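Structural characterization, general
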Amino acid sequence: MRTTRIHIDQPLDLTAEVALPPQAAEHVARVLRMNPGDAVIVFNGDGHDYAATLTSVGKRDVILRIDSREPIANESPLTLTLAQGVARGEKMDLIVQKATELGVSRIVPVFTERSEVKLDSSRAEKRLIHWRAVAASACEQSGRVRVPEVTPAQTLQAWIEGLDENGTQRLALLPEGTLRPRELKFGKAGGVLVVGPEGGLGDRDVATLKDAGFHGLRLGPRILRTETAGLAALAALQALHGDF
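Residues numbered from 1 in each chain as written. Predicted model: local features only at pLDDT ≥ 70, side-chain atom pairs only at ≥ 80, totals over all residues. Heavy atoms only, no water.

Turning our eyes to something else, we now look at the overall build of the protein. Within the protein one finds 6 helices and 12 strands. Oriented by its inertia axes, the alpha-carbon framework of the protein measures out at about 60 × 35 × 30 Å. Residue burial in the protein is summarised as follows: out of 244 residues, 43% are buried. In the form shown here, the protein has an accessible surface area of approximately 12900 Å², with 48% of it arising from carbon and sulfur atoms. (Helix = DSSP H or I, 4+ residues; strand = E, 2+ residues; numbered from the N terminus. Buried < 20%, exposed > 50% of the residue type's maximum accessible area, 1.4 Å probe, protein only. Areas by Shrake-Rupley, 256 points an atom, 1.4 Å probe, with all protein chains shown as cover.)

Read across the open sheet, the 5 strands follow the order β1-β3-β4-β5-β2; overall the sheet is mixed. Unpaired on one side and paired on the other, β1 (5-7) and β2 (17-19) mark the two borders of the sheet. Adjacent strand axes in the sheet meet at a mean angle of 40°, parallel and antiparallel pairs treated alike. Judged from the 3 bridges that link them, β1 and strand β3 (residues 39-43) form a sheet pairing that is parallel. (Pairing = 2+ DSSP bridges. Axes fitted to C-alpha atoms, helices over the stretch in contact; angles between N-to-C directions.)

Right, let's get into helix α1 (residues 22-31). Every buried residue of α1 is listed here: A24, A25, V28 and A29. Take α1 and look down its axis: the buried residues cluster within an arc of 120°, on one side only. The exposed set on the far side of α1, more than 90 degrees from its buried face, consists of P22, Q23 and V31. Buried positions along α1 lie against β1, β4 (48-57) and β5 (62-71). Just downstream of α1, R33 is the residue with a positive phi angle, here 55°. (Arc of directions from axis to C-beta. Contact = heavy atoms within 4.5 Å.)

Between helix α2 (residues 89-101) and helix α6 (residues 226-241), the shortest axis-to-axis distance is 9 Å and the interhelical angle comes to 10°. Taken together, α2 and α6 sit at an angle that is classed as roughly parallel. On α6, the residues touching K91, L94, I95, K98 and A99 of α2 are T226, E227, L231 and L234. The residue inventory of the contact of α2 with α6, partitioned by class, reads 5 nonpolar, 1 polar and 3 charged. (Parallel < 35°, antiparallel > 145°, perpendicular 65-115°, else oblique. Nonpolar A, V, L, I, M, F, W, Y, C, P; charged D, E, K, R; others polar.)

Turning our attention to the pairing of β5. Sheet topology note: the β2/β5 ladder contains 3 bridges and is antiparallel. Looking at the pairing, V18 lines up with L64 of β5. Linking two consecutive strands that pair antiparallel, namely β4 and β5, is a turn of 4 residues.

The next point concerns the packing of aromatic side chains. One pass over the full model with this rule turns up 1 aromatic pair. Relative to F214, the ring of W159 lies with its centre 6.0 Å away and its plane at 50°, an arrangement referred to as tilted. Residue W159 is located in helix α4 (residues 156-161), and its partner F214 is located in the loop between α5 (203-211) and β12 (215-217); the two are separated by 55 residues in the primary sequence. Judged by its relative accessible area of 6%, F214 falls in the buried class. One Lys or Arg, R5, reaches over the ring of F43 and ends 4.3 Å from the middle of that ring. (Phe/Tyr/Trp six-rings, centres within 6.5 Å; stacked < 30°, edge-to-face > 60°. Lys NZ or Arg CZ within 6 Å of the ring centre and 35° of its normal.)

For strand β6 (residues 80-85) and strand β7 (residues 106-111), the ladder comprises 5 bridges, and the chain directions are parallel. Each residue of the ladder has a partner; that of A83, found in β7, is V108. On the question of chirality, the crossover connecting β6 to the parallel β7 by way of α2 is right-handed. Taken together, the 2 bridges between β7 and strand β8 (residues 149-150) define a ladder with parallel strand orientation. Across the sheet, residue I107 finds its bridge partner in β8, namely V150. Here β7 runs beside strand β9 (residues 154-155); their pairing, made up of 2 bridges, is parallel. By the bridge assignment, V110 is partnered in β9 with Q154. (Right-handed = clockwise from strand over helix to strand, strands pointing away.)

Keep in mind these numbers describe shape, not what the thing actually does.
Next up, the structure:
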């Protein structure tokens, strides 16, 4: 039987007793119906799995003891950032979840020329917290011990202006792109991939990207939905240049 994995956003020390966050505690106590003495694995993003034992299970509070620590090396050698045009509702959740499973190191939600989603500061903060929780949950399921960074949503222009000149391969998924995944070569800095929202990238977006040194990447002769396109590209890049 597979051991339950739980993400905890705090330092973890051997033999220490740790209280689970409220949502994780409720899942352990009410959904999984676990008991004192049951084994779990916790991780905090530092590259280790921590074997732990439940010492107390209440209706609202669950306490565990850290028993051992094991380094986990399952991160892809290909460092990838996904800059995703913010998609509506569950589509964005799906993209964040599956991109995490596919091994990205960073997810940047961007607003583009044809973005249909509008977020004020309050909603943007709530969505960011939600997306980060989705990424952490995907790590629990997939066995990753490093949670990809999910940045605050920003305009495509603002994100491009803040990019470092560190040799990262700059790619944008475009129907008219000329590069194919098998033709690419990545250095140690890896790559960044821009994917448009439901309406695709607009002419101004494409001009901005080309001025910033982005190259058009094409997957094939069919037009893919935004929730399919980026994930298909990430899978292809991992298969050809990563660890698939």
